[in-house]
Amino acid sequence: FGFSDMREGAFTVRAASGSRTSDLRFVSATAQEGKPALGGLPATFASDAKTLRLVLRDVVSGLRVTLCYTIFEDVDAIARSVLFENEGASDLHIERAMSLCLDLTDADYELITLSGAWSREREVIRRPLAPGETSVSSVRGASSLQASPFVALARPDATECAGEVIGAALVYSGNFYAGVHVDQHRMARLMLGLHDHDFEWALAPRETFQTPEALLTYSAEGFNGMSAQFHRLCAEHLVRGKYAHAPRPILINNWEATYFNFDEEKLLTIAKTAAKVGVELFVLDDGWFGRRNDDTTSLGDWQVDERKLPHGLGSLAEQIHGLGLKLGLWFEPEMISVQSKLYRAHPDWCIHAEGYERVEYRQQLVLDLSRAEVCEHVYRSVRDILAASPIDYVKWDMNRNFTDIGSAALPPERQKELAHRYMLGLYGVLERLTTEFPDVLFESCASGGGRFDLGMLYYMPQTWCSDNTDAVSRGRIQYGSSMVFPPFSMGAHVSAVPNHQTGRITPLATRASVAMSGCFGYELDLNALSAEEIQEVARQIERVKKLRQTLLYGRFYRLRSPFEGDETAWITVAPDQREAVLLFMRAMARANTMPELVRLYGLNADMRYRVEETGESYGGDQLMRQGLCFALPTGDAASVSLTLRALE
Ligand code: DGJ
C-alpha cells in the first residue's frame with residue numbers, strides 16, 4: 001500500500017516519521033527441507049516438506065519482512081506466514097499484518113463461509129463475489145461462534161464432488177479477518193490474518209513479530225477434495241500427542257443429565273449404568289468447585305466443593321476407575337466470577353477498561369492472559385489438580401467473549417496489543433499443560449463450538465462441536481464443520497428427548513448415527529431410559545467400538561447437504577476402502593416415498609461390498625455410478641446408518 005496499487009495491502013507498518021508507506025525490495029530467497037516451528041504460535045509441522053523464505057527489506061525504515069511458504073509432500077496445500085523484523089534504529093508500529101494475500105486474475109468465484117451463532121454453528125453460506133469487499137471476521141477475542149477463520153473460493157459450477165475450489169484457513173483462535181476484494185478490473189484479492197481492528201504492535205529495534213500461519217488448499221474435486229486436504233493437514237501435520245491417531249474413548253458427560261444439581265452419589269449412579277453398557281470415560285462437567293450451584297459464582301476458585309463431593313476428587317477418581325471408567329473434568333480456566341476468592345484477591349486481573357463498568361456476560365469476566373503472572377496462575381490452578389488426582393481427560397471451556405477491552409498491566413500506547421497477547425499467553429499455558437500431561441485427553445469448548453479452529457486443535461485433539469445436541473441440528477453443524485475439520489476433531493453426544501435446545505423428539509437410533517460420526521458419547525441420565533433403550537445404547541456402543549477407527553480416521557465425503565434440502569448424507573471410508581459407514585437422515589417425515597437412492601463416493605470401484613444391515617452386496621462401481629438403494633423408516637428425523645464391508 002502507498003504506491004500505485006490502490007487496493008488495501010496485506011500489511012501496514014508505521015515508521016517513526018509517521019509514514020505508512022513501504023517499499024519492500026528483494027534481499028534473498030532460500031529453500032530448506034522440512035518446516036521450522038513458529039515461535040509461540042500453533043502451526044503445522046512436517047518433515048517431508050520444503051520451506052521457501054523470501055526476504056525483503058524496506059528502502060527507508062529498516063523493516064525486514066520474511067515471507068515463509070511451506071509445501072507438503074502428501075497434501076495439496078501451502079502454509080504461509082510472515083515474520084516482521086525491525087532492523088532500523090527507531091520503533092516501528094505494525095498496524096496490519098495479514099498471514100496470506102492471494103491475488104487471482106479473475107473474480108468468477110463464489111465465496112463460501114461458515115457463519116453461525118450459539119447452537120447454530122458453522123452454517124454453510126455461499127454467495128457470489130461482486131465488486132467491493134466481502135468478508136467474515138471476528139473482533140470478539142475468540143475465533144467465535146459467529147464466524148470461522150476459513151473461506152473457500154469456488155467456481156460457480158463447483159459441487160461437493162467436482163469443480164475447482166480454493167480453501168484458506170487460519171491456524172489461530174483469536175480475532176481474525178478473512179475477505180475478498182474485487183477491483184475495477186474484476187480481479188480478486190483474498191486476504192486472511194489477524195484482524196486489524198483494535199490492533200497495533202510496537203516493534204522496537206531488533207524485535208520481531210510473527211504472524212499466525214494460514215493454510216491454502218486447492219482442489220479440482222469440489223468441496224470434498226478441499227476438505228480432504230484440510231482433514232489430512234489436521235491428522236498428519238497439526239494434531240499432536242497420544243490421541244492424535246488413537247481411538248477416542250466413548251464418554252458420558254453429566255451436563256445435560258444434572259446441570260449444576262449433583263452430588264457424588266448421583267454421579268456414581270450414572271457412572272455405574274454407563275460402565276455396564278460399555279462407556280469408557282465419565283466426564284464431570286461444570287459445578288464441582290467453589291460454591292457453584294449456578295453460573296453466578298466461583299470461576300477462579302478451582303477447589304473441590306466438598307458439599308457435593310465430600311471425599312474429594314481423588315476418591316471420585318478412585319471410584320470411577322474402580323468401575324472400569326476413566327475420569328474427565330471440566331474447567332473454565334480463562335474466566336473469573338466477581339463472586340470468587342480470586343476476584344477479591346486480584347480485582348485487576350480481569351480484562352477491563354479503567355473507570356468503566358465491568359461488563360459481565362454469563363455473570364463472568366475474562367482473565368487478562370496478556371499478563372505473565374495471570375498465565376502462571378491459570379497454569380498452576382489446572383496443573384495442581386491434574387497432579388493431585390488421576391484425571392484422564394480435561395474439557396477446557398470458555399464461555400464469553402471480550403468486552404470493555406483493556407489491561408491494567410499494559411502501558412497506554414500498547415493497549416491494542418491485548419487481544420493478540422492474550423492468545424500468545426493462552427497458547428503458552430496450553431503448551432505447558434499438554435506437554436506436562438501427555439496422557440490426558442484435552443477437549444476444547446467455547447459455549448459449544450465458539451473456538452473450533454485449527455489453533456486450538458494444535459493443543460487439543462477434539463472440540464465440543466456445539467451445545468446443540470439435537471440430531472437434526474447436529475446434521476447441519478457437523479456437515480458445515482466438516483468443510484475444514486475432520487470427524488476425529490468433533491465431540492458429538494447422544495442426548496435426551498425432547499431435546500434441551502430445540503424441543504425436538506428424534507429416534508434414539510438417529511441420535512446415535514449422527515453422533516458416531518464424531519468423538520462419540522452420551523450426555524443424558526442413562527437411568528432415565530427404559531430397559532429396551534438401555535439395550536439399544538449397549539448395541540450402539542458395541543457398534544461404535546468396532547467401527548470407530550474408520551468413523552474417526554477414514555476419509556469423509558459429504559453426499560447430501562442439509563443446507564440445500566431436508567436431507568443430510570455423508571459416508572466415511574476406511575483408508576484401505578474395505579469398510580465404510582453411510583449416514584442418511586431426513587428431517588421431516590414424508591408420505592408416499594420411493595426407496596432412497598444415494599450415489600456413494602470414495603469406495604473402490606473394483607471391490608464388492610456387502611451391506612451388513614441388509615445382507616445385500618453390490619460392486620463398488622455400481623454404488624458410485626448408480627447409487628445404493630435403501631428404505632428409510634417412517635417418522636421425523638428418520639435415518640439409516642449402514643455399514644459396507646468389502647467381500648474377500
Ligand atoms: C458450555 C459448554 O458448551 C457446555 O457443554 C457446558 O460445559 C457448559 N458450558 C457448562 O457451564
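Relevant structure appears above.
Note that the coordinates shown come from a computational prediction; the quantities given were computed from them, not determined experimentally.

Two elements in contact, helix α9 (residues 471–481) and helix α10 (residues 508–515), have axes whose closest approach is 9 Å; the angle formed by their N-to-C orientations is 15 degrees. Relative to α10, the element α9 is oriented roughly parallel. Of the two elements, α9 crosses α10, and the hand of that crossing is left-handed. Within the contact between the two elements, α9 uses A471, R474, G475 and Q478 and α10 uses T510, R511 and V514.

The local shell around the ligand holds 13 residues, among which D285, D286, K395, D397 and D467 are the closest. Separating an oxygen atom of the ligand from a side-chain N or O atom of D285 is a distance of 2.6 Å. Contacts to the ligand include K395, whose side-chain N or O atom sits 2.7 Å from an oxygen atom. Here the ligand loses 98% of its free accessible area of 300 Å² to cover by the protein chains. For the shell around the ligand, the residue count by class is four nonpolar, three polar and six charged.

Quick look at the environment of I391 now. For I391, the position within the fold is in the loop between α6 (372–388) and β22 (393–396). Expressed as a C-alpha distance, the spacing of I391 and V440, which sit 49 residues apart in the sequence, is 7.2 Å. Not counting the four nearest positions on each side in its chain, I391 is found in contact with L327, G328, L329, I385, L386 and V440.

It is worth spelling out the nonpolar core at this point. Core analysis: the largest hydrophobic core is formed by 168 residues, its most contacted members being F84, F150, F282, W288, W396, L454 and F520. For this core, the element with the most residues is helix α7 (residues 418–436), which contributes nine residues. Apart from the residues within four sequence positions on either side, W288 is in contact with F262, W302, Q303, V304, D305, L309, L313, L329, W330, F331 and I385. Core analysis: the next-biggest nonpolar cluster, separate from the first, contains 25 residues, A569, L628, F630 and V640 among them.

Turning our eyes to something else, we now look at the environment of I270. In this fold, I270 is placed in helix α3 (residues 264–277). Residues I270 and N527, spaced 257 residues apart in sequence, show a C-alpha to C-alpha distance of 6.6 Å. Residues in contact with I270, not counting those within four places in the same chain, are I252, A257, T258, F282, D525 and N527.

Two measures define how a pair of helices packs: the angle their axes make with one another and the distance between the axes. Relative orientation of the contacting elements α10 and helix α11 (residues 531–553) amounts to 20 degrees, with a least axis distance of 11 Å. Judged by the angle between their axes, α10 and α11 are roughly parallel. The crossing of α10 and α11 is right-handed. On α11, the residues touching L508, A509 and A512 of α10 are E533, E536, V537 and Q540. Its residues assigned to classes, the contact of α10 with α11 shows four nonpolar, one polar and two charged.

What follows is about the environment of A117. Along the chain, A117 falls in the loop between β7 (110–115) and β8 (123–128). By relative accessible area, which is 16% here, A117 ends up buried. Separated by 127 residues in the primary sequence, A117 and A244 place their C-alpha atoms 29 Å from one another. Residues contacting A117, with those up to four places away along its chain left out, are L145 and Q146.

A separate point is the pattern of salt bridges. This structure, assessed with the given rule, holds 46 salt bridges. The shortest N-O distance in the salt bridge between R155 and E164 comes to 3.3 Å. Judged by its relative accessible area of 18%, R155 falls in the buried class. Measuring nitrogen to oxygen at the nearest pair gives 2.7 Å for the salt bridge that ties E334 to R451. Placement of the pair is E334 in the loop between β19 (326–331) and β20 (335–336) and R451 in the loop between β23 (441–444) and α8 (454–459), with a sequence separation of 117 residues. Look at the salt bridges and you will find they share partners, linking R560, E567, R586, R590 and E596 into a network.

What follows is about the side chain of S513. In this structure, S513 sits in helix α10. Judged by relative accessible area, S513 falls into the buried class, the value being 8%. Within polar-contact distance, the side chain of S513 engages the backbone oxygen of A509 at 2.8 Å.

Most of α9 sits out of view: ten of its eleven residues are buried. A471, V472, S473, R474, G475, I477, Q478, Y479, G480 and S481 are the residues of α9 that are buried.

Turning next to helix α1 (residues 222–237). Helical geometry note: an α-helix holds 3.6 residues per turn, so side chains three or four residues apart project in the same direction. The first and last C-alpha atoms of α1 sit 22 Å apart over 16 residues, in line with the 22 Å expected at 1.5 Å per residue. Burial runs high along α1: 14 of the 16 residues are buried.

With that out of the way, let us pick up the packing of aromatic side chains. Following the criterion strictly, the structure yields 23 aromatic pairs and no others. Seen from their ring centres, W302 and W330 are 6.2 Å apart, and the 50 degrees between their planes marks the pair as tilted. With W302 in the loop between β18 (281–284) and α4 (312–322) and W330 in strand β19, the pair connects residues that are 28 residues apart, well separated along the chain. We classify W302 as buried; its relative accessible area is 7%. We classify W330 as buried; its relative accessible area is 1%. Of the aromatic side chains, those joined through ring pairs into one cluster are W288, F289, W302, W330 and F331. Sitting over the ring of W464, R474 keeps its end group 4.7 Å from the ring centre.

As a further point, take the pairing of strand β10 (residues 150–154). Among the five residues in β10, five count as buried, and that is most of the element. The two faces of β10 match: F150, A152 and A154 on one face and V151 and L153 on the other face are all buried. Here β7 runs beside β10; their pairing, made up of three bridges, is antiparallel. Counted as the bridge partner of I112 is A152 from β10. Note that β10 and strand β11 (residues 165–171) share five bridges and pair antiparallel. Counted as the bridge partner of V151 is A168 from β11.

Let us look at the sheet that holds strand β29 (residues 579–586). Taken in spatial order, the six strands make up an open sheet running β27-β28-β29-β34-β31-β32, and their pairing is antiparallel. The sheet is open, and its two edges are formed by β27 (555–560) and β32 (617–619), each paired on a single side. Each strand axis lies, on average, 25 degrees off the axis of its neighbour in the sheet, ignoring direction. Across three bridges, strand β31 (residues 608–611) lies against strand β34 (residues 638–646) in antiparallel orientation. When the sheet's bridge partners are listed, Y609 is paired in β34 with A646. Against the sheet, α10 touches β28 (567–573), β29 and β34, its axis set at about 50 degrees to β34.

Calculation notes
- Residues numbered from 1 in each chain as written.
- Predicted model: local features only at pLDDT ≥ 70, side-chain atom pairs only at ≥ 80, totals over all residues.
- Heavy atoms only, no water.
- Axes fitted to C-alpha atoms, helices over the stretch in contact; angles between N-to-C directions.
- Helix = DSSP H or I, 4+ residues; strand = E, 2+ residues; numbered from the N terminus.
- Parallel < 35°, antiparallel > 145°, perpendicular 65-115°, else oblique.
- Left-handed = near helix turned anticlockwise from the far one by under 90°.
- Contact = heavy atoms within 4.5 Å.
- Near = heavy atom within 4 Å.
- Polar contact = N/O pair within 3.5 Å; in protein donor to acceptor, adjacent residues only side chain to side chain.
- Areas by Shrake-Rupley, 256 points an atom, 1.4 Å probe, with all protein chains shown as cover.
- Nonpolar A, V, L, I, M, F, W, Y, C, P; charged D, E, K, R; others polar.
- Core = buried A, V, L, I, M, F, W, Y, C linked by side-chain atoms within 4.5 Å.
- Buried < 20%, exposed > 50% of the residue type's maximum accessible area, 1.4 Å probe, protein only.
- Salt bridge = Lys/Arg side-chain N within 4 Å of Asp/Glu carboxyl O.
- Expected span 1.5 Å × (residues − 1).
- Phe/Tyr/Trp six-rings, centres within 6.5 Å; stacked < 30°, edge-to-face > 60°.
- Lys NZ or Arg CZ within 6 Å of the ring centre and 35° of its normal.
- Pairing = 2+ DSSP bridges.

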